Amino acid sequence: MSTSTAGEEIVPTTLGGKAADYLDQRLGIAGAAKKNLRKIFPDHWSFMLGEVCLYSFIILLLSGIFLTLFFTPSMGDVTYNGSYTPLDGIRMSEAYASTLNLSFDVRGGLLMRQIHHWAALVFVMGIMVHMLRVFFTGAFRKPRELNWIIGFGLFTLALAEGFCGYSLPDDLLSGTGLRIMQGLVLSIPIVGTYISFFLFGGQFPGHDIVPRLFTIHILLVPGLILGLITAHLILVFYQKHTQWAGPGRNDKNVVGLPLMPVYMAKAGGFFFVVFGFIALLGGLVSINPIWVYGPYVPNQITAGSQPDFYIGFFEGALRMMPNVEFNFWGHTLSLNVLVPFAVVPGILFGGIALYPFIEAWITGDKREHHILDRPRNMPTRTALGVAGITFYGVGWLNGGNDLIAIRFNLSVESITWVCRFLIILGPIFAFWLTRRICFGLQRRDRDKVLHGAESGIITRSPEGAFSEVHTPLSQGELHKLTAHDVHRPLTLTEVTDANGVPAPNLRRAKLRAKATQWYFGQRVEKPTAEEYHESITSGHH
Amino acid sequence: MKSLSTRRRHPLAAFVVLVLALGFAGTLFAAFVSPASANADSGNTSAQAIANGKALYETSCSSCHGMNGEGSSYGPSLVGSGSAAVDFQVSTGRMPAQQPGAQIQKKAVLYTQAQIDEMAAYIQSLGGGPVVPSQSQYSVNDSMVQLGGVLFRTNCSQCHNFAGEGGVLTDGKFAPELTQTSPKAMYEAMLTGPQNMPQFPNTVLPSAEKQAIISYIVSTRDEANYGGAGLGRIGPTSEGLFIWTFGLIALLLFAVWIAAHTTKASAERVAQAAAKKGGK
Ligand code: HEM
């Protein structure tokens, strides 16, 4: 950037400079740009995960636009006469036929389809991993709770978007997926049947569903996602990015690289890396070969019907649920479908959405946080997260119970039964184990601070005793290991004080006190300054 | 490389010769005695075959199926099972059964085709039943692939999977993959309905439709994976697994790599800023 002494006009000479000057005189962007382009972004690999989502979404938009040019969203009946001969002369929907044409007769069509589908998997996977990093580092804490909610909205929208896209080609698997979805809708008490007729415009599958899904898939949901991503990024920008603890870093500053040019160059480079990677996958690895599945016909079905991975949890929950169904007054209450479809995901997703608020309530922490937590320093949160992953993972696993059974020569029933127990016991065990590991790691940190790092050098004293030489930590590392707060549970008086109203809410206060006791009751103290000095001056290691 | 002459002295050489000879005899037998005519009431050759078959049967099958094929508590009656059932069961290595379990498994085939044909002829002589199909009934016909695809997806894919990769049934039973099965065995499987597979007699699925299904299955086997690596052709599960292993690791490595690489100048600046306590 050029330096200008006050009052002196600089006349731009280059073409770019002139253009910038032209725009600046009309839009006054230089001031804003100067401030924003110097915005600092901290550097850490885990902060690139959000970018993976962003870039794969851009790739989805670009490849999706290509696909809409050739896809026909219609259930109209046609006889296929394209170049894929095994389906020659077969009757099918226009949607399926146009997807076949895209795959075999449109130049680059199959590549685009595969890029689009791989990008979708990367997108949803990226969102999940990004969400986990935000969770485990406590980046959702005040003031970023709202951005967490926006992110959660993006997550659910991404699932919906993926499901709609999967259903569009009207192949055997997508039709099967829709049929299951219809079953779920039907299980809604009282209004289920009406909603199903409304959605499908009559009997399943009808003629309306594909055009409707098409509109949702290419207009409604992407529009919402785009809007929310914009809001999400504006908030990240405006609230500034969080950072890891380190020397010179605190809750009031951000240490990192300026947006322009360094961070932009890196981000731009990363975009091309992600794009290139997805394009390679699209070119080299088959995904959703709909011609192998055949067109959807309601009386056909295939063994090993599976959804894309992000629907696997729901599929697994459905397969796991015991067959419970009640009949009264001519109505059926299908708990066997309703529970895995609505209740279980409701709890899981509700828990994800509300977690920042739940944690703030339990811990009574109302401060702003811009320094991230190391997961080990928040053992209960980390353990809850791992328990959640385990819960989700077991459901997911059971979604593929038939494939596991056939690969490993087991019976599906036994896998299902194991999963039924595992989905309850697994998270409990994972919670317990993770907390223990976190405490262990904290103790190791404490030891390191007090006694230095193990050097691997063994010395022998004149008396013959062996001991290991410990090297003291650098100032930076000491800071990193001791920057966190050790939280303690709220006492009952603190709780009631916080609420301001002692008597009537006593029960709630008691509950809250119990909750913080559970959350912070067990802890590893940081070395105090005295302890540290003692260990230094005693010359012990 | 060992020369042929040293191989000739190999202790197993005699067996190899025997097997080859039997195989040759079997082929000859198959060529001259059309299976359809290996029927109880035709000709002397078949009378001889039946007698041989009975002998074989009595040694290795009667313990379970009874001395006269009447069945026992270890195996069902074979009266009326027909030569097609015997040919299928023995030539795919299912019979003689060994371990009881959820489903009798395939093993190495113990008999030559000639012996199988003899046993088949014997069982056929007991009470008729579905007959071993002739070559023309199960030979692949490329013009029938399309019809076969529709029939396969209507009648078979619910158990055997869209790509014939197999699928599970209840209690440890399963529909096996069809990627290796011979066209003849496919025809016989449909005709006789082994174990937990339903029977598709000609009244339900006419012979031509069976041929269509066989043509479809065989044609999909050597169909190229147009999209690239096929990932085992088991659908979205392997795609998901692939992206969560290979894809995730690759992307994380890229992220780490990009995050770790900073221009020298800005790295220094960051260090300075840190030293001066605080960037902006
Ligand atoms: C369409 C999907 C999404 C996109 C494109 C996206 C993009 C981004 C980007 C680029 C960042 C800054 C870099 C980073 O920290 O990784 C970010 C930060 C953040 N994201 Fe997302 N995100 C998405 C979904 C989500 C979800 C599902 C959640 C949680 C439920 C979430 C919560 C957050 C939070 C709280 C931050 C601030 C993190 C911090 O400052 O440390 N995002 N997002």
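Predicted, not measured: the structure shown is a model, and the values here were computed from it.

Let's talk about the overall build of chain B
Counting its regular elements, chain B contains 13 helices and two strands. Among the 280 residues that make up chain B, the fraction classed as buried is 40%. A fraction of 59% describes how many contacts in chain B between residues 6 or more apart in sequence connect residues 24 or more apart. Surface accessibility of chain B: about 14,700 Å² in total, with carbon and sulfur atoms responsible for 63%.

Quick notes on the pairing of strand S7 (residues 453–460) of chain A
With zero of its eight residues buried, S7 of chain A lies for the most part at the surface. Adjacent in sequence and paired antiparallel, S7 of chain A and strand S8 (residues 466–471) of chain A are bridged by five residues, among which Gly-464 of chain A carries a positive phi angle near 105°.

Brief notes about helix H12 (residues 236–260) of chain B
For an α-helix, 3.6 residues make a turn, and residues three or four places apart therefore share a direction. For H12 of chain B, which comprises 25 residues, the first-to-last C-alpha distance of 34 Å matches the rise-based estimate of 36 Å (1.5 Å per residue) to within 8%. Along H12 of chain B, the sharpest change in direction is near 30° and occurs at Gly-247 of chain B.

Brief notes about the interface of chain A and chain B
Often the size quoted for an interface is simply the accessible area lost on bringing the parts together. Contact with chain A, which involves 76 residues of that partner, is made by 59 residues of chain B. Here chain A and chain B share an interface that buries about 5,300 Å² over both sides, 70% of which is from carbon and sulfur atoms. Of all residues in chain A, Met-125, Phe-277 and Ala-303 of chain A bury the most surface against chain B, accounting for 11% of the area lost on that side. Between chain A and chain B we count zero salt bridges in total. Scanning the region where chain A abuts chain B turns up 16 residue pairs in polar contact (both at pLDDT 80 or more). Among the elements of the structure, helix H3 (49–68), helix H5 (109–136), helix H7 (172–186), strand S4 (257–258), helix H10 (259–284), helix H11 (290–293), helix H15 (401–408) and helix H16 (412–451) of chain A are those that each provide at least two residues to the side of chain A that touches chain B. Of the residues in the side of chain A that touches chain B, the class split is 49 nonpolar, 19 polar and eight charged.

Comments concerning the nonpolar core
Trp-118, Phe-123 and Phe-270 of chain A are the most contacted members of the largest nonpolar core, which has 105 residues in total. No other element matches H5 of chain A, which puts 17 residues into this core. Membership of the second largest hydrophobic core comes to 20 residues, among which are Met-144, Leu-191, Leu-205 and Tyr-216 of chain B.

Some remarks on unusual backbone geometry
Residue and element names in this part refer to chain A. Across the junction of Lys-142 and Pro-143, the peptide omega takes the value 10°, indicating a cis bond. Relative to the helices and strands, Pro-143 is located in the loop between H5 and helix H6 (145–167). The omega angle of the peptide bond from Phe-204 to Pro-205 is -5°, so this bond is cis rather than trans. Checked against the element boundaries, Pro-205 lands in the loop between helix H8 (192–200) and helix H9 (209–239). Within the chain, Asp-170 stands out as a residue other than glycine whose phi angle is a positive 60°. For Asp-170, the location among the structural elements is in the loop between H6 and H7. The exposure class of Asp-170 is buried, given its relative accessible area of 7%. Even without being a glycine, Asn-288 presents a positive backbone phi close to 50°. Structurally, the position occupied by Asn-288 is in the loop between H10 and H11.

Some words on the pattern of salt bridges
Residue and element names in this part refer to chain A. With the rule as written, the count across this model stands at 13 salt bridges over all chains. Its salt-bridge partner being Arg-381, residue Glu-359 comes within 2.9 Å of it at the nearest N-O pair. One end of the pair, Glu-359, is in helix H13 (residues 335–363); the other, Arg-381, is in helix H14 (residues 379–399), and 22 residues separate them in sequence. The two residues Glu-359 and Arg-381 agree in class, both being buried. When salt bridges with common partners are traced through the structure, they connect Arg-141, Glu-359, Asp-373 and Arg-381 into a single cluster.

Some thoughts on the packing of H7 of chain A against H8 of chain A
Residues and elements named next belong to chain A. Interaxial distance between H7 and H8 falls to 7 Å at its minimum, and their mutual angle equals 145°. Between H7 and H8, the contacting residues are Leu-178, Met-181, Gln-182, Val-185 and Leu-186 on the first element and Gly-192, Thr-193, Ile-195, Ser-196, Leu-199 and Phe-200 on the second. The residue makeup of the contact of H7 with H8, split by class, is seven nonpolar, four polar and no charged.

Here we look at the side chain of Asn-336 of chain A
Residues and elements named next belong to chain A. Tracing the sequence through the fold places Asn-336 in helix H13. At a separation of 2.6 Å, a polar atom in the side chain of Asn-336 contacts the side chain of Asn-323. Other than its neighbours up to four places away in sequence, Asn-336 contacts Leu-318, Met-321, Pro-322, Asn-323, Val-324 and Glu-325.

Comments concerning the confidence of the model for chain B
Do not read the fine detail of predicted coordinates wherever pLDDT is low. Residue and element names in this part refer to chain B. Chain-level pLDDT for chain B is 79 on average; 77% of the residues reach the 70-or-more range. pLDDT under 50 marks residues 29–44. Its contacts with residues more than four places away, or in other chains, come to 13 contacts. Among the prediction metrics, the complex's ipTM stands at 0.86, with pTM recorded as 0.85.

What to know about the UniProt feature "binding site: heme c 1" (unreviewed entry) in chain B
All names here are of chain B. Look at the UniProt record and you will see "binding site: heme c 1" (unreviewed entry) annotated at Cys-61, Cys-64 and His-65. For Cys-61, the position within the fold is in the loop between helix H3 (44–60) and helix H4 (62–65). Setting aside chain neighbours within four positions, we find Cys-61 in contact with Leu-56, Gly-66 and Met-119. The topology assignment puts Cys-64 in helix H4. Its relative accessible area of 27% is what places Cys-64 among the partly exposed residues.

Let's talk about the side chain of His-217 of chain A
Residue and element names in this part refer to chain A. By the element assignment, His-217 lies in helix H9. A polar contact is formed between the side chain of His-217 and the backbone oxygen of Glu-161, at a distance of 3.1 Å. Residues within four places of His-217 in sequence aside, it is in contact with His-116, Glu-161, Cys-164, Gly-165, Leu-168 and Pro-222.

Some remarks on empty space enclosed by the protein
Evaluation of the coordinates by the stated rule reveals six cavities of 30 Å³ or more. In this structure, the largest cavity spans a volume of roughly 130 Å³. Around the largest cavity, the lining is made up of 17 residues, and of these Ser-286 and Pro-289 of chain A together with Asn-225, Gly-230 and Arg-233 of chain B lie nearest the centre. Elements that contribute at least two residues to the lining of the largest cavity include exactly H11 of chain A together with H12 of chain B.

What to know about the domain arrangement of chain B
Residues and elements named next belong to chain B. Entries for chain B in the domain assignment read domain 1 (2–33), domain 2 (48–127) and domain 3 (135–220). Averaged C-alpha coordinates put domain 2 and domain 3 at centres separated by 22 Å. In this complex, domain 2 contributes twelve residues to the contact, which on the side of domain 3 involves 14 residues. For the pair domain 2 and domain 3, the summed buried area comes to about 1,100 Å², and 53% of that belongs to carbon and sulfur atoms. Considering only the side of domain 2, the residues that lose the most area to domain 3 are Phe-88, Ala-102 and Gln-103, jointly responsible for 48% of the buried surface there. Across the domain 2-domain 3 interface, the total number found is one salt bridge. The salt bridge partner of Asp-87 is Lys-184, with a shortest N-O separation of 3.2 Å. Along the contact surface separating domain 2 from domain 3 lie four residue pairs in polar contact (both at pLDDT 80 or more).

Rules behind the numbers
- Residues numbered from 1 in each chain as written.
- Chains lettered and ligands numbered in written order.
- Predicted model: local features only at pLDDT ≥ 70, side-chain atom pairs only at ≥ 80, totals over all residues.
- Heavy atoms only, no water.
- Helix = DSSP H or I, 4+ residues; strand = E, 2+ residues; numbered from the N terminus.
- Buried < 20%, exposed > 50% of the residue type's maximum accessible area, 1.4 Å probe, protein only.
- Contact = heavy atoms within 4.5 Å.
- Areas by Shrake-Rupley, 256 points an atom, 1.4 Å probe, with all protein chains shown as cover.
- Pairing = 2+ DSSP bridges.
- Expected span 1.5 Å × (residues − 1).
- Bend = angle between axes of the 7 residues up to and from the residue.
- Buried area = accessible area lost by both parts, 1.4 Å probe.
- Salt bridge = Lys/Arg side-chain N within 4 Å of Asp/Glu carboxyl O.
- Polar contact = N/O pair within 3.5 Å; in protein donor to acceptor, adjacent residues only side chain to side chain.
- Nonpolar A, V, L, I, M, F, W, Y, C, P; charged D, E, K, R; others polar.
- Core = buried A, V, L, I, M, F, W, Y, C linked by side-chain atoms within 4.5 Å.
- Axes fitted to C-alpha atoms, helices over the stretch in contact; angles between N-to-C directions.
- pLDDT = per-residue confidence, 0-100.
- UniProt positions renumbered as here; feature names shortened; annotations may be inferred.
- 1 Å grid on protein atoms, 1.4 Å probe; cavity = no way out; pocket = protein on both sides within 12 Å on 5 of 7 lines; lining within 4 Å.
- Points joined across faces, edges and corners; volume = space filled by probe spheres on them.
- Domains from an automatic or database assignment.

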